[in-house]
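The chain contents come next:
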Amino acid sequence: MNKRIITILILITWLFHITAPAYANTATLQTEQSVKHQMVISTIQDISTVLQKNNPHPKPGSTSGEWLILGLARSDMDVPNTYYDTYYRALETIVKEKQGVLHKRKYTEYSRTVLALASIGKDPGNVAGYNLLQPLEDVKAAVQQGINGAIFALLALDSNMYESDARQQYVSYILERELPNGGWALSGNQADLDVTAMAVQALAPYSEDVSVQKAIERAMNFLSTAKIVYCESAAQLLIAMTTLGMDTTAVESVLDTLMAFYQQGKGFTHTLDGKVNAMATEQALHALVAVERYYDGDKTLYDMTVVPGDATLQDGVNEPVTDAKTISVLQTILNKLNEFWRKGA
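It should be emphasised that the depicted structure is a prediction, and the values quoted were computed from it without experimental measurement.

Focus on the overall build of the protein chain
- Within the protein chain, the regular secondary structure consists of 14 helices and two strands.
- If you take every contact in the protein chain between residues at least 6 apart in sequence, the share linking residues at least 24 apart comes to 71%.
- Split by element, the accessible area of the protein chain, about 15,200 Å² in all, is 50% carbon and sulfur.

Shown next, in the form of structure tokens:
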């Protein structure tokens, strides 16, 4: 067990599992949860098989690249190491060709790559001799893409707690761009479900900060009433909810919505009446893996921290801090978030 003080993210999840019996105190509810858990596992197995078949030679890129690698690696699926090796060799080739510059403006290229590398236990600080973490220290350059740049840079840096002086700058950037009524958007004054859910995912480890707490509460208040139209929206919301450790009833309500986009043996559609879409399928995989890890009490989707001294990635919740005052504060936060969700449902 990791004896370090762990993040608010893990503590909230841990607290949820303490209070879980209050939500699952009947045999019927426990059975329903068991059925849904098995459904999640079987769906992950199905779409993992489909995605590997459709992408036998993974290579760097958004769709069929880093997001695919991350989803597979964070699942419990038995994926051959050669599959990840194929991706890594292709990445090394591209990094060499580009002399370590993945993109001059889109710094999410670095963030996405760091997340994928963390998921397969590779060092993003040395890929073909280049440090892919270093560009993320340039906050001004990373946020040229706007809030997306800040969100994914923060997720990447925190995925394995890589050394960085830029974390607080990214947190501040996100907070400063919160909309008046709560939530975030790429542009305009209307909060966007996907962007808001992703911002919550990035901010969750910083909830000890009161300003972050309040921003997350306002965001979840908005999300609890937002209409889910697209598969990707349901996926991002599920990742946010499992990251925060919200109650099972709320999580499974959104899970049901996500599954409406599923076509067995094919993948997920972007819209209910649309065709199977690679991006929707990969994001759905992320969400399902996040839910599976939530059911199992494992680390959340983007928490790929390694226990000091270990050579391999270690799953499982770290040993919780048991300070009574800290637990009281965290329980209050969790209760508020669940209350927001129940009111909006």
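Quick look at the pattern of salt bridges
- Using the criterion set out here, one finds seven salt bridges in the structure.
- Among the ionic pairs, glutamate 109 bridges to arginine 112, the shortest N-O distance being 2.9 Å. On the criterion of helical spacing, the pair formed by glutamate 109 and arginine 112 is a turn pair, its members being three residues apart in helix 5 (residues 108–119). The two residues glutamate 109 and arginine 112 agree in class, both being buried.
- Across the pair aspartate 158 and arginine 167 runs a salt bridge, and its minimum N-O distance is 2.5 Å.
- Within this structure, Glu66, Lys106, Glu109 and Arg112 form a network of salt bridges that share partners.

Observations regarding the side chain of aspartate 194
- Looking at the secondary structure, you find aspartate 194 in helix 9 (residues 193–203).
- For aspartate 194, which is buried and forms no salt bridge, the nearest opposite charge comes from lysine 227, at a distance of 14 Å.
- Those residues in contact with aspartate 194, other than ones at most four positions away along the chain, are Glu232, Ser233 and Gln236.

Considering the confidence of the model for the protein chain
- In this model, the protein chain carries a mean pLDDT of 86, and residues with pLDDT of at least 70 account for 80%.
- The low-confidence segment residues 1–24 (pLDDT under 50) makes 66 contacts with residues lying over four places distant or belonging to another chain.
- This model gives residues 307–329 a pLDDT under 50, and the stretch forms 43 contacts once residues within four places in sequence are excluded.

Some details on the environment of alanine 118
- Structurally, alanine 118 can be placed in helix 5.
- You can call alanine 118 buried: its relative accessible area is 4%.
- Measuring from C-alpha to C-alpha, the distance between alanine 118 and valine 306 comes to 9.6 Å, with 188 residues separating the pair along the chain.

Concerning the packing of helix 11 (residues 231–244) against helix 13 (residues 278–296)
- At a minimum axis separation of 8 Å, helix 11 and helix 13 run at an interaxial angle of 25°. Accordingly, the angle class assigned to the pair helix 11 and helix 13 is roughly parallel. Pair helix 11 / helix 13 crosses with left-handed handedness. Counted together, Cys231, Glu232, Ala235, Gln236, Leu238, Ile239 and Thr242 of helix 11 and Met279, Ala280, Gln283, Ala284, His286, Ala287, Ala290, Val291 and Tyr294 of helix 13 form the full contact between these two elements.

Notes on unusual backbone geometry
- In this structure, glutamine 99 takes a positive phi of about 55° despite not being glycine.
- Relative to the helices and strands, glutamine 99 resides in the loop between helix 4 (81–97) and helix 5.

A look at the packing of aromatic side chains
- Per the counting criterion, the structure on display carries five aromatic pairs.
- Ring centres of tryptophan 67 and phenylalanine 152 lie 5.8 Å apart, and the angle between their planes is 55°; on these two criteria the pair is classed as tilted. Of this pair, tryptophan 67 sits in helix 3 (residues 62–74) while phenylalanine 152 sits in helix 7 (residues 147–159); the two residues are 85 residues apart in sequence, bridging distant segments of the chain.
- By relative accessible area, which is 10% here, phenylalanine 152 ends up buried.
- For the pair tyrosine 83 and tyrosine 84, a centre-to-centre distance of 6.3 Å together with 80° between the ring planes defines the contact as edge-to-face.

So, the nonpolar core
- Membership of the largest hydrophobic core comes to 103 residues, with the highest contact counts inside it found for Ile151, Tyr170, Ile174, Trp184, Leu258, Phe268 and Leu288.
- In terms of residue count, the dominant contributor to this core is helix 13 (10 residues).

Side note on helix 10 (residues 210–223)
- Taking 1.5 Å per residue, 14 residues should reach 20 Å; helix 10 reaches 20 Å between its end C-alpha atoms and fits that length.
- Among all positions in helix 10, only Val212, Gln213, Ala215, Ile216, Glu217, Ala219, Met220, Phe222 and Leu223 are buried.

With respect to the packing of helix 7 against helix 9
- It is the contact of helix 7 with helix 9, at a shortest axis distance of 9 Å, that shows an interaxial angle of 35°. Judged by the sense of rotation from one axis to the other, the crossing of helix 7 with helix 9 is left-handed. On helix 9, the residues touching Ile147, Asn148, Ile151, Phe152, Leu154 and Leu155 of helix 7 are Val195, Met198, Ala199, Gln201 and Ala202.
- Looking at side-chain class alone, the contact of helix 7 with helix 9 contains nine nonpolar, two polar and no charged residues.

Calculation rules
- Residues numbered from 1 in each chain as written.
- Predicted model: local features only at pLDDT ≥ 70, side-chain atom pairs only at ≥ 80, totals over all residues.
- Heavy atoms only, no water.
- Helix = DSSP H or I, 4+ residues; strand = E, 2+ residues; numbered from the N terminus.
- Contact = heavy atoms within 4.5 Å.
- Areas by Shrake-Rupley, 256 points an atom, 1.4 Å probe, with all protein chains shown as cover.
- Salt bridge = Lys/Arg side-chain N within 4 Å of Asp/Glu carboxyl O.
- Buried < 20%, exposed > 50% of the residue type's maximum accessible area, 1.4 Å probe, protein only.
- Lys, Arg positive; Asp, Glu negative; His and termini not counted.
- pLDDT = per-residue confidence, 0-100.
- Axes fitted to C-alpha atoms, helices over the stretch in contact; angles between N-to-C directions.
- Parallel < 35°, antiparallel > 145°, perpendicular 65-115°, else oblique.
- Left-handed = near helix turned anticlockwise from the far one by under 90°.
- Phe/Tyr/Trp six-rings, centres within 6.5 Å; stacked < 30°, edge-to-face > 60°.
- Core = buried A, V, L, I, M, F, W, Y, C linked by side-chain atoms within 4.5 Å.
- Expected span 1.5 Å × (residues − 1).
- Nonpolar A, V, L, I, M, F, W, Y, C, P; charged D, E, K, R; others polar.

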